[in-house]
Amino acid sequence: MNRRLAQGLDADVAASHAAATEAVIALGANLGDRSQTLAAALADLDRTPLTRVRVAADPIETVALTPEGRDSSAPSYLNTVAIVETRLAPTVLLDYLHAIEERHGRAPRVAGAARWQDRTLDLDLIAYGDLRIDTPRLTVPHPRAADRDFVLLPWASIDPEAVLPGRGAVTDLIRALRPEGTE
């Protein structure tokens, strides 16, 4: 194994040399052939060094989200969640996620650029084991994951016992997002 991949290039948080860590990755697309893009992205993720996709949820269709809220006039998203086992450091895994996005037509990320625009592919590192990381480059658990039903619902479908570190059981977070009496 290449030690630099497991430790990270900037040595901010090192992964264990011996054991794989479970990471949760959210995938979404609202442009192009969304199903094909998600399937290809999952295959790319499974080909990532020192990483294997353990399970992926069936995709769900959701209304686009903007800073102002849900936008039903924008193209709908197809979203899924994958649980992977990886020996990559969190920042190295993030770099691979960005490279997969770019391979599928997403423009490279630029600091300060607008968020929440339409895209061919979006990959977010939701959780990396029980680690809590807050650096300018990476925050895990993902700071908005607990508020996103399009992350929580697919995640709970493949891991009903899932816990978002620092926030609680995913099923409890889903219940908290739904107004009383709704499903």
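Scroll up to find the structure this text is about.
What you see is a predicted model, and the numbers here were worked out from it, not measured in a lab.

Enquirer: Before we move on, could you go through the overall build of the protein and cite the residues and values that matter?
Expert: When you go through the protein residue by residue, the secondary structure sums to 5 helices and 11 strands. Per-residue burial over the protein gives 44% buried out of 183 residues.

Enquirer: Hey, could you go over the pairing of strand β1 (residues 21-29) for me, with residue numbers and the actual values?
Expert: With 8 of 9 residues buried, β1 is to be regarded as a mostly interior element. The pairing of β1 with strand β6 (residues 77-86) spans 9 bridges and is antiparallel. Residue pairing for β6: I25 is matched across the bridge by A82. Judged from the 6 bridges that link them, β1 and strand β7 (residues 122-128) form a sheet pairing that is antiparallel. Bridge pairing in β7 places G28 opposite D122.

Enquirer: If you had to explain the side chain of T48 to someone new, which residues and values would you point to?
Expert: For T48, the position within the fold is in the loop between α2 (34-46) and β2 (51-56). Take T48: its relative accessible area is 6%, and that puts it in the buried class. Setting aside residues up to four positions removed in sequence, T48 forms contacts with L88, Y96 and I100.

Enquirer: How would you sum up the nonpolar core? Please name residues and give values.
Expert: Among the nonpolar cores identified, the biggest contains 26 residues, and I25, L27, L45, L93 and L125 are the most heavily contacted of them. Here this core takes 5 residues from helix α3 (residues 90-103), the largest share from any one element. With sequence-adjacent residues up to four places away left out, L27 is seen in contact with L38, A41, L42, L78, N79, T80, V81, A82, D122 and L123. Of all hydrophobic cores here, the second largest spans 18 residues; its members include V24, A26, V151 and V170.

Enquirer: Help me get a handle on the pattern of salt bridges, residues and values and all.
Expert: This model, assessed by the stated rule, comprises 10 salt bridges. R54 is the salt-bridge partner of E22, the closest N and O atoms lying 2.3 Å from each other. Of this pair, E22 sits in strand β1 while R54 is found in strand β2, placing the two residues 32 residues apart along the sequence. Accessibility expressed as a relative area gives 33% for E22, which makes it partly exposed. A residue is classified by how much of its surface remains accessible, and R54, at 38% relative accessible area, is partly exposed.

Enquirer: Outline the packing of α2 against α3, supporting the account with residue identities and numerical values.
Expert: The N-to-C vectors of α2 and α3 enclose an angle of 145°; their axes lie 10 Å apart at closest approach. The element α2 and its partner α3 pack so that their crossing is right-handed. Residues A41, D44 and L45 of α2 touch α3, and the partners they reach there are L97, I100 and R103. The residue inventory of the contact of α2 with α3, partitioned by class, reads 4 nonpolar, no polar and 2 charged.

Enquirer: So, the side chain of T86: which residues are in play, and what are the values?
Expert: Inspection of the secondary structure assignment puts T86 in strand β6. Within the local environment of T86, its side chain forms a polar contact with the side chain of T51, the two groups lying 2.7 Å apart. For T86, the side chain forms a polar contact with the main-chain nitrogen of L88, separated by 3.0 Å. Look past the residues within four positions of T86 in its chain and what remains in contact with it is A20, T21, A23, L50, T51, L93 and Y128.

Rules behind the numbers
- Residues numbered from 1 in each chain as written.
- Predicted model: local features only at pLDDT ≥ 70, side-chain atom pairs only at ≥ 80, totals over all residues.
- Heavy atoms only, no water.
- Helix = DSSP H or I, 4+ residues; strand = E, 2+ residues; numbered from the N terminus.
- Buried < 20%, exposed > 50% of the residue type's maximum accessible area, 1.4 Å probe, protein only.
- Pairing = 2+ DSSP bridges.
- Contact = heavy atoms within 4.5 Å.
- Core = buried A, V, L, I, M, F, W, Y, C linked by side-chain atoms within 4.5 Å.
- Salt bridge = Lys/Arg side-chain N within 4 Å of Asp/Glu carboxyl O.
- Axes fitted to C-alpha atoms, helices over the stretch in contact; angles between N-to-C directions.
- Left-handed = near helix turned anticlockwise from the far one by under 90°.
- Nonpolar A, V, L, I, M, F, W, Y, C, P; charged D, E, K, R; others polar.
- Polar contact = N/O pair within 3.5 Å; in protein donor to acceptor, adjacent residues only side chain to side chain.

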